[in-house]
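Descriptive structure summary
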Amino acid sequence: LRDMAFSASEQFALARHQPGATTSGYLFFPGCQLSGSTPAHVERVYADLCARSDAPVGLWLSCCGVPADWAGRTELFQAHLAQLKQQLEALGNPTLMLPCSSCYQSFQHHLPQQRIVSLWDWYANHGLPPDAQPAAAATVSIHDPCSTRYAAHIHTSTRALVTALGHTIDELPLSRERTTCCSYGGHQWLANPEVARKVIERRISESEHAYVTYCAMCRDFFAAQGKRTLHLLDLIYGSERDGGRGPGFSQRHENRARLKRSLLQQMWGEPMADQASYESIQLIISDEVRARMEERHILDDDVRRVLNHAEQTGARFFNQATGRWLASFRPTAVTYWVEYLPQDGGYLIINTYSHRMEVVQDHAHEPG
């Protein structure tokens, strides 16, 4: 839900008609996870759509709201959906062009009157981008995201594209309408990480071939467990990561913010609004602490906010035995604690953790 809130905030959200246009025939909605995983692909796709579409293509950066839907937060989801509908109306209700399967399913189910088209169907009908850089032909297995289970046309289009790139497809035992979840759907990976790990291990063991999928989270979850997995856009455009691990939670936020900044500057010649004061705080984080932060879902920005609050208010503890500082901050419903040392113009992060318990001061028992 915090990730969804970030994607709907000014740090990422953006809605524009194509440069030089006052209306949009299409509206490219890349979704938050593709934008966080490989923002360069989003820029390439949008440039290609603008160049080849028969109608102006607008750009819309935001979240479809499905995290709130999966979490059972009906009021939050409906409020977000109302904002989406308002934004669509303001842009003239163009046809949404969607690469994300979860976005496709969510808009199809919750906004049935809205015209939508899968990016993969559009590419299958209009051909691959002129700057596609297919790698050497190989045999691959396609993992269909579970949110496309009943979208047979997307199964067909994605396979046509993989074949057009020169690859041979060895179908997985469970694919198309019988595909399985990567553990992202329904927040399984958060609710029960151990079960999610087993789900991933079972899925990636079904074939010795590299996997190709068209969901950023499926790709990143499988790759994190050592399975060579490529997003379909990796196949089309080439990718330096070549199936390697995806970015962590903090880097996903950073990637989205940078994507908005880059598109605003390059496409519309607009500067990004000034960053908040805490965003410039430099962090020094070891791989061990970084892994712990990932496991506990603590963002770099959470740590920066704690440090900013501690420096501005003086609300911190000093351990004379270790020479380290300890501080906390509760921006909303979660309290974050950071153990740190000032170092080289930044802060060396020793440890960080969080909890939902609120620690309050009992003024009634303070000495008079």
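Predicted model, so just to flag it, every value in this text is computed and none were measured.

For the coordinates displayed, the defined rule picks out 14 aromatic pairs. Ring plane angle 90° and centroid distance 5.3 Å describe the contact between F29 and F107, whose orientation is recorded as edge-to-face. You can see F29 sitting in the loop between β2 (26-28) and α2 (32-37) and its partner F107 sitting in helix α6 (residues 101-110), a full 78 residues away along the chain. This pair shows no difference in class: F29 is buried, exactly as F107 is. The rings of W70, Y184, W189 and F221 are connected pair by pair, giving a single aromatic cluster. When the ring centre of Y211 is taken as origin, the NZ or CZ atom of K227, which lies over that ring, is 4.6 Å away.

By the secondary structure assignment, H253 is in helix α13 (residues 249-268). For H253, a relative accessible area of 10% puts it in the buried group.

Moving on, we come to the nonpolar core. In this structure, F107, W120, Y123 and L232 are the most contacted members of the largest nonpolar core, which totals 63 residues. Sequence-distant contacts of L232, defined by excluding residues within four places in its chain, comprise W120, T158, L161, V162, V212, T213 and Y214. Y278, V306, A310 and V334 belong to the second-largest nonpolar core, a separate cluster that totals 18 residues.

This brings us to the state of the cysteines. On inspection of all chains with the given rule, the structure shows zero disulfides. Left without a disulfide partner, C103 is nearest to the cysteine sulfur of C100, which lies 3.6 Å away.

Now for helix α7 (residues 119-126). Buried within α7 we find L119, W120, D121, W122 and Y123. One side-chain oxygen at the N-terminal end of α7 lies 3.1 Å from the backbone nitrogen of W120; it belongs to S118. G127 sits one or two residues past α7 and shows a positive phi near 90°.

Below, the discussion takes up the environment of R356. Relative to the elements of secondary structure, R356 occurs in the segment after β14 (346-355). Since its relative accessible area comes to 62%, R356 is described here as exposed. The spacing of R356 and R330 is 26 residues in sequence and 9.0 Å in space, taken between C-alpha atoms.

In this section: the packing of α7 against helix α8 (residues 152-164). Put simply, α7 and α8 touch, their axes get as near as 8 Å, and they point 50° apart. Classified by the angle between their axes, α7 and α8 sit oblique to one another. Once α7 is placed against α8, the crossing between them reads as left-handed. Two secondary-structure elements touch here, α7 through W120, D121, Y123 and A124 and α8 through H153, I154, S157, T158 and L161. By residue class, the composition of the contact of α7 with α8 is five nonpolar, three polar and one charged.

One non-glycine residue, N93, adopts positive backbone phi at about 55°. Note that N93 resides in the loop between α5 (74-90) and β4 (95-98). Not every positive phi belongs to a glycine, and H187 is a case in point at roughly 65°. Note on placement: H187 falls in the loop between β7 (168-169) and α9 (188-191).

With that settled, consider the pairing of β14. As defined by bridge partners, strand β10 (residues 283-284) adjoins β14 across two bridges and the pair is classed as parallel. In the strand pairing of β14, L283 is matched with Y347. Pairing of strand β13 (residues 335-343) with β14 involves nine bridges; the strand directions are antiparallel. Residue pairing in the sheet places P342 in a bridge with Y347 of β14. Between β13 and β14, which pair antiparallel and follow one another directly, the connecting turn spans two residues, one of which, D344, has a positive phi of 50°.

Bringing the pattern of salt bridges into the picture now. Tallied over the full model, the rule gives 19 salt bridges. The closest approach of N and O atoms between D3 and R256, which form a salt bridge, is 2.9 Å. With a gap of 253 residues between them, D3 in helix α1 (residues 2-7) and R256 in helix α13 connect regions that are remote in the sequence. Since its relative accessible area comes to 26%, D3 is described here as partly exposed. A salt bridge links R197 to E194; its shortest N-O distance comes to 2.3 Å. In this pair, R197 and E194 both sit in helix α10 (residues 193-204), three residues apart, roughly one turn of the helix.

Along the chain, G323 falls in the loop between β11 (317-319) and β12 (324-329). You can call G323 partly exposed: its relative accessible area is 26%. Separated by 29 residues in the primary sequence, G323 and E294 place their C-alpha atoms 26 Å from one another.

Conventions and cut-offs
- Throughout, a residue's number is its position along its own chain's written sequence, starting from 1.
- With the structure being a predicted model, the display of local features is reserved for residues of pLDDT at least 70 and the display and counting of side-chain atom pairs for 80 or more, all residues being used for whole-chain, interface and lining totals.
- No hydrogens and no water enter the side-chain calculation; it runs on all heavy atoms of the structure.
- Between rings of Phe, Tyr and Trp, where Trp is taken as its six-membered ring, a pair exists when centres lie within 6.5 Å; planes separated by under 30 degrees are stacked, by over 60 edge-to-face, and by other angles tilted.
- Helix and strand labels come from DSSP, where a helix needs a run of H or I of at least four residues and a strand needs a run of E of at least two; each type is numbered from the N terminus.
- For each residue, the accessible area found with a 1.4 Å probe, counting protein chains only, is set against the maximum for its type, and the residue is called buried under 20%, exposed over 50%, and partly exposed in between.
- Geometrically, a lysine NZ or arginine CZ counts as sitting over a ring once it is within 6 Å of the ring centre and also within 35 degrees of the ring normal.
- For this analysis, a nonpolar core means a set of buried residues of the types Ala, Val, Leu, Ile, Met, Phe, Trp, Tyr and Cys, connected via side-chain atoms within 4.5 Å.
- Two residues qualify as a contact provided that any one of their heavy atoms is within 4.5 Å of a heavy atom in the partner residue.
- Cysteine sulfur atoms are paired as a disulfide whenever they fall within 2.5 Å.
- Contacts described as polar in this section are N or O atom pairs within 3.5 Å, which, within protein, must combine one atom able to donate a hydrogen with one able to accept it, while residues neighboring in sequence count only if both atoms come from side chains.
- Simply put, an axis is a line fit to the C-alpha atoms, just over the touching stretch for a helix, and the angle between two N-to-C directions goes from 0 to 180 degrees.
- Orientation categories follow fixed angle ranges, with anything under 35 degrees roughly parallel, anything over 145 roughly antiparallel, 65 to 115 roughly perpendicular, and all other angles oblique.
- We call a crossing left-handed when the near helix sits turned anticlockwise from the far one by less than a right angle, and right-handed when that turn is clockwise.
- Only Asp, Glu, Lys and Arg are considered charged in this grouping, and only Ala, Val, Leu, Ile, Met, Phe, Trp, Tyr, Cys and Pro are considered nonpolar; every other residue, Gly among them, is considered polar.
- A strand pair is defined by DSSP finding two or more bridges across the two strands.
- Only one rule defines a salt bridge in this text: a Lys or Arg side-chain nitrogen within 4 Å of an Asp or Glu carboxyl oxygen.

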